[in-house]
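Below are the chains, spelled out letter by letter.
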Amino acid sequence: MTKIALTPFARTRLFPSSGRRNAIVGTTPAEWERHLNENQPLKVLEGYAPFCKLHVHANWTQTRCLTVPITPENQHLLRSGYEARSREELPVLVRWFEGVEPPVAGYLVVILYSREQMAKEGTPVDADWGVVGCLATAEPEEIPMAPITMMRNALGVEEGGSGVPMDRAAYRRSVAFWERNANWRV
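Note that the coordinates shown come from a computational prediction; the quantities given were computed from them, not determined experimentally.

We now examine the nonpolar core. Within the largest apolar cluster, 19 residues are counted, with the highest numbers of intra-cluster contacts made by Phe51, Ile111 and Tyr113. Beyond its immediate sequence surroundings of up to four residues, Ile111 is in contact with Cys52, Lys53, Leu54, Gly130, Val131, Val132, Gly133, Cys134 and Leu135. In this structure, Leu14, Cys65, Leu112 and Trp129 belong to the second largest nonpolar core, which totals 17 residues.

Looking only at helix α2 (residues 29–38), the buried set comprises Trp32, Leu36 and Asn37. Projection of α2 onto a plane perpendicular to its axis shows the buried side chains occupying an angular sector of 135°, all on one side. Contact partners of the buried residues in α2: β1 (4–6), α1 (8–14), β3 (52–58), β7 (107–114) and β8 (129–137).

So, on to the sheet that holds β7. The 5 strands lie next to each other as β1-β8-β7-β3-β2, forming an open sheet whose pairing is mixed. Both outer strands of the open sheet, β1 and β2 (43–46), are each paired with one neighbouring strand and no more. The average angle at which neighbouring strand axes cross in this sheet is 40°, direction not considered. The pairing of β1 with β8 spans 3 bridges and is parallel. Directly across from Leu6, in β8, lies its bridge partner Val131. Running over the sheet, α2 touches β1, β3, β7 and β8 and is turned about 160° from β1.

This part covers the side chain of Thr7. Here Thr7 is to be found in the loop between β1 and α1. There is a polar contact of 2.5 Å between the side chain of Thr7 and the backbone oxygen of Val131. Not counting residues within four places of it along the chain, the set of residues in contact with Thr7 comprises Met118, Val125, Gly130, Val131 and Val132.

All right, on to the packing of aromatic side chains then. Overall, the coordinates contain 6 aromatic pairs when judged by the stated rule. When the ring of Phe51 is compared with that of Tyr113, the centres are 4.9 Å apart and the planes differ by 80°; the resulting orientation is edge-to-face. Of this pair, Phe51 sits in the loop between β2 and β3 while Tyr113 sits in strand β7, and the two are 62 residues apart along the sequence. For the pair Phe51 and Tyr113, a shared accessibility class is recorded, and that class is buried. By the ring-pair criterion, three or more aromatic residues cluster together here, those being Phe15, Trp32 and Trp60.

What follows deals with the state of the cysteines. Applying the stated criterion to the full structure yields 0 disulfides. Cysteine Cys52 remains unbridged, with the sulfur of Cys134 as its closest cysteine sulfur at 12 Å. By relative accessible area, Cys52 is classed as buried at 2%. Free of any disulfide, Cys65 has its nearest cysteine sulfur in Cys134, 11 Å distant. The class of Cys65 is buried, set by a relative accessible area of 5%.

Looking down a regular strand, the side chains alternate between one sheet face and the other. With 9 of its 9 residues buried, β8 lies for the most part within the structure. Summarising the sheet, β7 and β8 pair through 8 bridges and their orientation is antiparallel. Paired with Val110 across the two strands is Cys134, which belongs to β8.

In any sheet, the strands associate via hydrogen bonds between backbone groups, in a parallel or an antiparallel arrangement. Read across the sheet, 4 strands follow the order β4-β9-β6-β5 without closing on themselves; strand pairing throughout is mixed. Pairing within the sheet leaves two strands with one partner each, and these edge strands are β4 (67–69) and β5 (78–83). Going across the sheet, the axis of each strand differs from the next one's by a mean of 55°, ignoring polarity. Note: strand β6 (residues 92–98) against strand β9 (residues 181–185), 3 bridges, orientation parallel. Note that in β9 the partner of Phe97 across the bridge is Trp184. Of the strands in this sheet, β4, β6 and β9 are in contact with helix α5 (residues 168–180), which crosses β9 at around 55°.

Scoring rules and cut-offs
Residues numbered from 1 in each chain as written. Predicted model: local features only at pLDDT ≥ 70, side-chain atom pairs only at ≥ 80, totals over all residues. Heavy atoms only, no water. Core = buried A, V, L, I, M, F, W, Y, C linked by side-chain atoms within 4.5 Å. Buried < 20%, exposed > 50% of the residue type's maximum accessible area, 1.4 Å probe, protein only. Contact = heavy atoms within 4.5 Å. Helix = DSSP H or I, 4+ residues; strand = E, 2+ residues; numbered from the N terminus. Arc of directions from axis to C-beta. Pairing = 2+ DSSP bridges. Axes fitted to C-alpha atoms, helices over the stretch in contact; angles between N-to-C directions. Polar contact = N/O pair within 3.5 Å; in protein donor to acceptor, adjacent residues only side chain to side chain. Phe/Tyr/Trp six-rings, centres within 6.5 Å; stacked < 30°, edge-to-face > 60°. Disulfide = S-S within 2.5 Å.

This is the structure we're talking about:
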């Protein structure tokens, strides 16, 4: 059986100490990791590179959808600012909603990197796969990677990316999605 480990990078982002509501809620990091290892995904999607897989699970938590469609009624609730995902990364411009109530997600799309890629990025795991993120979605499909994440990946491991070159068609699909949707915060 494939072994999956929750990486420190993902733990900080998915289970922040602040207890924010747009993280994984209704379970602990250890319980969440155990669930991934004891339950087969509904389906496995190919990721953006050979070292990346996406495991789709029915949402067993109270985690809410990651994104909300931008409408004329809610666009005044959009905010933006410069943020870094870790102390080592450079801040980039991000945007999010404040004051919206997204529905509970139907699915958790767990983003996995191979043991070899995790070692290449300086975060070895004692497992076959390391969790690097999770998308809470209404449908059992991937949300397009944010354009800035694609750019960071193309910049390489030194800048917090994976070293995968830019795919212009995927980038355009990402922009089309993120022009119409945004993440949310409490």
